[in-house]
Amino acid sequence: ILNVEQSPQSLHVQEGDSTNFTCSFPSSNFYALHWYRWETAKSPKALFVMTLNGDEKKKGRISATLNTKEGYSYLYIKGSQPEDSATYLCALPHPEGNQFYFGTGTSLTVIP
Amino acid sequence: NAGVTQTPKFQVLKTGQSMTLQCAQDMNHEYMSWYRQDPGMGLRLIHYSVGAGITDQGEVPNGYNVSRSTTEDFPLRLLSAAPSQTSVYFCASNRGAAAYGYTFGSGTRLTVV
């Protein structure tokens, strides 16, 4: 089993604030990291797939960075909007197989 | 393009009953997986398949069977439902290899009484 940890567990921010949260993972045998956005009563949707140390991905106001040497990835949201409210999941494949392991997610609530 | 289609969306079973959760994808994805989501536990892998005719166990396989006779379909069978199997179940597929993100189905909320 791959230990994937996300922090914080939940976050409340005011509309317009910028925020970030963390996904931590074992730094050995890294292959890829996925970020997903999961809105209430819907299914998770892929945001980013990151594979290289130092990778930085961006989609609109959301961006992510990856540090494979120290075993973490940050997800940033600039100028949070109420529609950004969701749970953000990260997942990694086990290096020796085809199994993905998910963190428990960070629940973001943006207050208008 | 339907993506990943899961049925049913909701189901209530009595302890000991059996049922099959259906999953179909129309994206010609090789990889398909079943996850369950429980409060505080995150998504946990039940079974997965890397292609037609090939299946393997995930983290929590006990009480579930799968088969993959075609690329498109990956049904999950509960052989004798138990209250511990009350959960939300998600089917997901991807193109294969870890560099591709999953496409998830809309989920099945199962209650075993």
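Residues numbered from 1 in each chain as written. Chains lettered and ligands numbered in written order. Predicted model: local features only at pLDDT ≥ 70, side-chain atom pairs only at ≥ 80, totals over all residues. Heavy atoms only, no water.

Asks: I keep staring at unusual backbone geometry and nothing clicks. Help me out?
Replies: Residues other than glycine predominantly adopt negative phi, and peptide bonds predominantly adopt the trans conformation. Following Ser7(A), the chain continues to Pro8(A) via a peptide bond in cis, the omega torsion being -5 degrees. Here Pro8(A) shows up in the loop between strand 1 (5-7) and strand 2 (10-14). For the bond running from Thr7(B) to Pro8(B), omega is -5 degrees, close enough to zero to count as cis. Within the secondary structure, Pro8(B) is located in the loop between strand 1 (4-7) and strand 2 (10-13). (Helix = DSSP H or I, 4+ residues; strand = E, 2+ residues; numbered from the N terminus.)

Asks: Any chance you could explain the interface of chain B and chain A here in plain terms?
Replies: Accessible area lost when the parts come together is the quantity often used to give the size of an interface. Facing the 23 residues of chain B at the interface are 21 residues of chain A. Between chain B and chain A the total buried area reaches about 1,700 Å² when both faces are included, carbon and sulfur atoms providing 66% of it. Sorting the residues of chain B by area buried against chain A places Leu43(B), Ala98(B) and Tyr102(B) first, and these three jointly supply 31% of that buried surface. On inspection of chain B and its partner chain A, the count reaches 0 salt bridges. Listed by contribution, the elements that provide at least two residues to the side of chain B that touches chain A are strand 4 (31-38), strand 5 (42-51) and strand 9 (87-94) of chain B. For the side of chain B that touches chain A, the element with the highest residue contribution is strand 5 of chain B, accounting for 5 residues. Of the residues that constitute the side of chain B that touches chain A, the class distribution is 13 nonpolar, 9 polar and 1 charged. (Contact = heavy atoms within 4.5 Å. Buried area = accessible area lost by both parts, 1.4 Å probe. Salt bridge = Lys/Arg side-chain N within 4 Å of Asp/Glu carboxyl O. Nonpolar A, V, L, I, M, F, W, Y, C, P; charged D, E, K, R; others polar.)

Asks: It is not clear to me how the sheet that holds strand 7 (residues 62-67) of chain A should be interpreted in this structure. Could you clarify?
Replies: Within a sheet, neighbouring strands are paired by backbone hydrogen bonds and run either parallel or antiparallel to one another. All names here are of chain A. Spatially, the 5 strands line up as an open sheet ordered 1-3-8-7-6, and their pairing is antiparallel. On the outer flanks of this sheet lie strand 1 and strand 6 (56-59), each paired with one strand and no other. On average, adjacent strands in this sheet sit at an angle of 15 degrees to one another, irrespective of strand direction. Direction of pairing for strand 3 (residues 19-24) relative to strand 8 (residues 72-77): antiparallel, over a ladder of 6 bridges. The residue of strand 8 that forms the bridge with Thr-19 is Ile-77. (Pairing = 2+ DSSP bridges. Axes fitted to C-alpha atoms, helices over the stretch in contact; angles between N-to-C directions.)

Asks: Is there a simple way to explain the sheet that holds strand 8 (residues 76-78) of chain B in this structure?
Replies: Residues and elements named next belong to chain B. As summarised here, the arrangement of the 4 strands in space is 1-3-8-7, forming an open sheet in which the pairing is antiparallel. Whereas interior strands pair on both sides, the edge strands pair on one side only; in this sheet they are strand 1 and strand 7 (64-66). Neighbour-to-neighbour, the strand axes of the sheet open up by a mean angle of 20 degrees, direction not taken into account. As paired elements, strand 7 and strand 8 share 3 bridges and run antiparallel to each other.

Asks: What exactly am I supposed to notice about the packing of aromatic side chains here?
Replies: Given two aromatic rings, one states the distance between the centres and the angle between the planes to describe the pair. Tallied over the full model, the rule gives 17 aromatic pairs over all chains. An angle of 55 degrees between the planes, with centres 5.0 Å apart, marks the rings of Phe100(A) and Tyr102(B) as tilted. Highlighted residues: Phe100(A) in strand 10 (residues 100-102) and Tyr102(B) in the loop between strand 9 and strand 10 (103-104), drawn from two different chains. Ring centres of Tyr35(B) and Phe104(B) lie 6.3 Å apart, and the angle between their planes is 45 degrees; this geometry places the pair in the tilted category. (Phe/Tyr/Trp six-rings, centres within 6.5 Å; stacked < 30°, edge-to-face > 60°.)

Asks: Is there a simple way to think about the pattern of salt bridges in this case?
Replies: All names here are of chain B. Evaluation of the coordinates by the stated rule reveals 4 salt bridges over all chains. One salt bridge in this structure joins Asp-38 and Arg-44, with 2.9 Å as the shortest N-O distance. Taking the relative accessible area as the measure of exposure, Arg-44 reaches 17% and is therefore buried. Here the salt bridges share partners, and the residues they tie into one network are Arg-36, Asp-38 and Arg-44. (Buried < 20%, exposed > 50% of the residue type's maximum accessible area, 1.4 Å probe, protein only.)

Asks: Before we go on, may I ask you to explain the pairing of strand 5 of chain B in this structure?
Replies: For a regular strand, side chains alternate in direction, first toward one face of the sheet and then toward the other. Residue and element names in this part refer to chain B. Here strand 5 lies mainly inside the structure; 9 of its 10 residues are buried. Where strand 4 and strand 5 come together, 7 bridges link them in antiparallel fashion. Its bridge partner being in strand 5, Met-32 is matched across the sheet by Ser-49. In textbook terms, the turn of a hairpin is the stretch between consecutive antiparallel strands, and for strand 4 and strand 5 this stretch comprises 3 residues, one of which, Gly-40, has a positive phi near 75 degrees.

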